Structures are given as C-alpha cells and as structure tokens.
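# Chain and residue survey
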Amino acid sequence: MLGVHMKKIYFIEGIPGIGKTTLSLTVESLLLRKTKKVKRYEEHSYENPLDMTRKAILSQPEYMQLIEKCVALAKGSKYSYNDVVAEIESKTFFDDEYAIVSYLQPYFKNEAIRQELHKLYSKEICNGCVSEKEYKGLIFSMFYKFSEDAQDDWIYIFDGAFLQNILLDMTGYYKVSIECLTIFYNNLLSILSSFEIVIMCLYEKNIETILNRTNSARENMNWLSNYDDWVSKTNWFEMQDKYTAHQTGASAFSYGLQDTMIDLMHSFSEIEKHFIKARYSNLDLKGVI
C-alpha cells in the first residue's frame, strides 16, 4: 500500500530478450486495476527519463552544427527552420555542458534529415564514447532530475533502466568491479529515497534457449546476430574469463550480466526484491503486485 504522497517505482530487470517488456505490460495492467496514476516508460523512448540508450551526446557547438545541417537539408521541403528546431529540441535533453539527442526519435519524412540524425550513432552515450566518470555523472544527473520531477502518489514502471541498460555499459565498456558497482548502485538508490522501490528480476538458467527463442520471435531483425556484434565491439572479453566456455559472445556476456545483476540485488538493503523465473506465459505475480 502506498504511503501518503509516496511515489513508487517498479524496475523490471533481466538480460536482453528475457521478457522484460511482457512483464512490465503485465505489471501495468494489474496496477491500473487499482489506480489510474500509473506511468510505464518504453525502453529507448525519448520520453523515458531514466534511459540513455539511443541517445547521442553532443557539445553545444556540435549541437548547433547539427541544427544548421538539418535546416540546410530541409530547404525546399515543407519543414521550416522553426519546424526543424522544434522537432529536434523536443527530443533533446540539455545538460549544463551537453545536448543529449534521441537521434532515432525525430521522425522527419525528409530522408536526408533522417540520415543525418542516424549518423549520431557514433556519438551514442551507450557505446563507450564518454569516460566512465562522465557516464556516471550523466546517470546521476538523470536520476536526480527524475526524482525532482516525479509526482506524488504516482507509480512508475521502467524495464531495463536500472540494471540492464546501465550494466550493459558498465560491464561492456568500463572496468568496474562488483565492489564499485555496489557503491554506485546504492548511491543511485539514495537519490530515489523518496520512492518506494520494487525490483523484479527475471532470470533463466538456460540462457541459450532464451536467446534463441527471442531471436525466432523477432523475425527479420537479425536480433541475435546484432547482439553478438555489439558484444564483440565491447571490452568485456578483455575483462572477464569466467564465462568464455559458452559458445557465442551474446551467450557468454548474458551469463555474466545475469550473475552480476543477481549479485547486486543481493547487496541492496531495504528494497523490495523479487526473482522471477522467466516464462513466456503464465507469469505468477501473486504476492508481488
């Protein structure tokens, strides 16, 4: 039961492809039966206040150059200068030093503008293009802003925003020990001290099965191949040797990621935690919601 004016967060966690979106939709449906004050944020959405994925980091001069390029590309089209600026700004978060641009989100029908925005992939925050210190600072800033803006009595649902997406970077690109991760995450939790927090972590012993099922379900996406390719570009195998007996990069990485999530969750005190066996149907949430 929510306390008076208390805010609440459900973090739905687990490795990529394990079913977080399905679980978050189920949680949302159950909560909406009790209250209308529920907000679920889609992963990768520009509206998601705790998600750095699909976002590029630009200095203020780089951001102005982007605007100028897109305005020039819009000449002769239906988009005016103000249209271009307003559309990109609506998908941008401005930090003290940087502009954080959701580069896949401004849906211009002008293909030249779309291609220019897609070039920002090379500056994506989640590709290790900033230092560990800068990355942590951006995450802390993002969590502080959300904590200040969140409304009393509301329930918020995020999938992958607390453990998965941040750990993909922390374990993939930065040499962060479990001890340092524990300190980092407990600092994040302290930022959210005004919330009731529930972490629901999906887990699976046979990760290869999960990855293959997800790959089959996401037809024409080359999902597993793209996941393997991403892992191959990280520093993960330079930092780990415990899981390399598994056949594929994605598989090995996922085993290590899941173990890290579970270790971290055990270190969180005074937080409601639930470990849920991954299934594609018949999720039993009795006693959880």
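In what follows, the accompanying structure is described. Residue numbers run consecutively from 1 along every chain, following the written order of its sequence. Under the rules for a predicted model, residues below a pLDDT of 70 receive no local features and side-chain atom pairs below 80 are neither given nor counted, while totals for whole chains, interfaces and linings still include all residues. In computing side-chain properties, one takes all heavy atoms of the structure into account and sets aside hydrogens as well as water.

### With respect to the overall build of the chain
When its secondary structure is counted, the chain shows eleven helices and eight strands. Its C-alpha atoms give the chain a radius of gyration of 20 Å, within 12% of the compact-globule value 19 Å for 289 residues. A principal-axis box enclosing the C-alpha atoms of the chain has dimensions of 60 × 50 × 35 Å. Here's how the labels work: a residue is buried when its accessible area is under 20% of the maximum for its type, exposed when over 50%, partly exposed in between, all with a 1.4 Å probe on protein chains only. Relative to its 289 residues, the chain shows a buried fraction of 49%. In the chain, of all internal contacts separated by at least 6 residues, the share reaching a separation of at least 24 is 75%. In the structure as shown, the chain presents an accessible area of about 14500 Å², 48% of it carried by carbon and sulfur atoms. The charged-residue count follows a simple rule in which Lys and Arg add positive charge and Asp and Glu add negative charge, with His and chain termini not counted at all. Every charge is mapped to an atom, namely NZ of Lys, CZ of Arg, CG of Asp or CD of Glu. Between the mean site of the 32 positive side-chain charges and the mean site of the 39 negative ones, the chain shows a separation of 5 Å. Here a strand is any run of E in DSSP of at least two residues, a helix any run of H or I of at least four, and the numbering for each starts at the N terminus. Radius of gyration: C-alpha atoms only; globule rule: 2.2 Å multiplied by the number of residues to the exponent 0.38. Note on definitions: a residue-residue contact is assigned when non-hydrogen atoms from the two residues lie within 4.5 Å. We get accessible surface area from the Shrake-Rupley algorithm with a probe of 1.4 Å; when it comes to residues, only the shown protein chains can shield them.

### Some words on the sheet that holds strand β1 (residues 7-13)
Across the sheet, which stays open at both edges, the five strands sit in the order β2-β6-β1-β7-β8 with parallel pairing between neighbours. Of all the strands in the sheet, the pair left with one neighbour each is β2 (38-41) and β8 (272-277). Looking at each pair of strands side by side, their axes are set apart by 15° on average, direction ignored. In the packing of helix α5 (residues 132-149) onto the sheet, contacts are made with β1, β6 (155-159) and β7 (195-203), and the angle to β1 comes to roughly 140°. A pair of strands is labelled paired if DSSP reports no fewer than 2 bridges between them. Lines fitted to C-alpha atoms define the axes here, with helix axes fitted over just the stretch in contact, and angles between the N-to-C directions of these axes take values from 0 to 180 degrees.

### Some details on the packing of aromatic side chains
A pair of Phe, Tyr and Trp rings is counted when the ring centres sit within 6.5 Å of each other, with Trp represented by its six-membered ring. The angle between the planes then sorts it: under 30 degrees is stacked, over 60 is edge-to-face, the rest tilted. On inspection of all chains with the given rule, the structure shows 19 aromatic pairs. Summarising the aromatic geometry, the rings of Phe11 and Phe162 are spaced 4.8 Å apart at their centres and angled 25° between planes, so their arrangement reads as stacked. In this pair, Phe11 sits in strand β1 while Phe162 sits in the loop between β6 and α6 (164-172), placing the two residues 151 residues apart along the sequence. Under the relative-accessibility criterion, Phe162 is labelled buried at 0%. By the ring-pair criterion, three or more aromatic residues cluster together here, those being Phe11, Tyr41, Phe140, Phe143, Phe146, Tyr156, Phe158, Phe162, Phe184, Tyr185, Phe195 and Phe268. Over a ring means this: the NZ of a Lys or the CZ of an Arg is within 6 Å of the ring centre and within 35 degrees of the ring normal. Geometry around Phe195 places Lys7 over its ring, the cationic atom sitting 4.7 Å from the centre.

### With respect to the pattern of salt bridges
Any carboxyl oxygen of Asp or Glu that lies within 4 Å of a side-chain nitrogen of Lys or Arg is treated as forming a salt bridge with it. If you walk through the whole model with that rule in mind, you get twelve salt bridges. Notably, a salt bridge pairs Lys123 with Glu62, separated by 3.1 Å at the nearest N-O pair. Of this pair, Lys123 sits in the loop between α4 (111-118) and α5 while Glu62 is found in helix α2 (residues 60-73), placing the two residues 61 residues apart along the sequence. Classification of Lys123 by relative accessible area gives partly exposed; the value is 29%. In this structure, the salt-bridge partner of Lys233 is Asp229, at a minimum N-O distance of 3.1 Å. Residue Asp229 is classed as partly exposed on the basis of its relative accessible area, which comes to 38%. Salt bridges sharing common partners tie together Glu28, Arg40 and Glu42.

### So, the pairing of strand β5 (residues 98-102)
The buried fraction of β5 amounts to five of the five residues, a majority that puts the element mostly inside the structure. Residues Tyr98, Ile100 and Ser102 point to one face of β5 and Ala99 and Val101 to the other, with burial holding for every one of them. Relative to β5, strand β3 (residues 55-59) runs antiparallel, the two sharing five bridges. Bridge pairing in β5 places Leu58 opposite Ala99. Alignment of strand β4 (residues 92-94) against β5, held across three bridges, turns out to be antiparallel. Bridged to Phe94 within β5 is Ala99.

### Examining the nonpolar core
Within the largest apolar cluster, 77 residues are counted, with the highest numbers of intra-cluster contacts made by Phe11, Phe143, Phe162, Tyr185, Met200 and Phe268. Broken down by element, this core gets its largest block of residues, eight residues, from helix α11 (residues 249-267). For the purposes of this section, nonpolar cores are sets of buried Ala, Val, Leu, Ile, Met, Phe, Trp, Tyr and Cys residues that join through side-chain atoms within 4.5 Å.

### Some details on α4
Of the positions making up α4, those classed as buried are Ile113, Glu116 and Leu117. Around the axis of α4, the buried residues are gathered within 100° of arc, so they sit on the same side. Pairs of N or O atoms are called polar contacts if they sit within 3.5 Å, as long as, within protein, a hydrogen donor faces a hydrogen acceptor (for residues adjacent in sequence, only side-chain-to-side-chain pairs). Of the residues flanking the start of α4, the one acting as N-cap is Asn110, its side-chain oxygen 3.0 Å from the backbone nitrogen of Ala112. Within this analysis, the arc is defined by the directions that extend from the helix axis to the C-beta atoms.

### Some words on the sheet that holds β5
For sheets, the rule is that strands pair by backbone hydrogen bonds, running either parallel or antiparallel. Strand order in the open sheet formed by three strands is β3-β5-β4, with antiparallel pairing between adjacent strands. In this open sheet, the two strands that pair with only one neighbour each are β3 and β4. When the angles between neighbouring strand axes are averaged without regard to direction, this sheet yields 20°. Together, β3, β4 and β5 form the strand contacts of α2, whose direction differs from that of β3 by roughly 110°. Packing of α5 onto the sheet brings it into contact with β3, β4 and β5, and relative to β5 it is tilted by some 75°.

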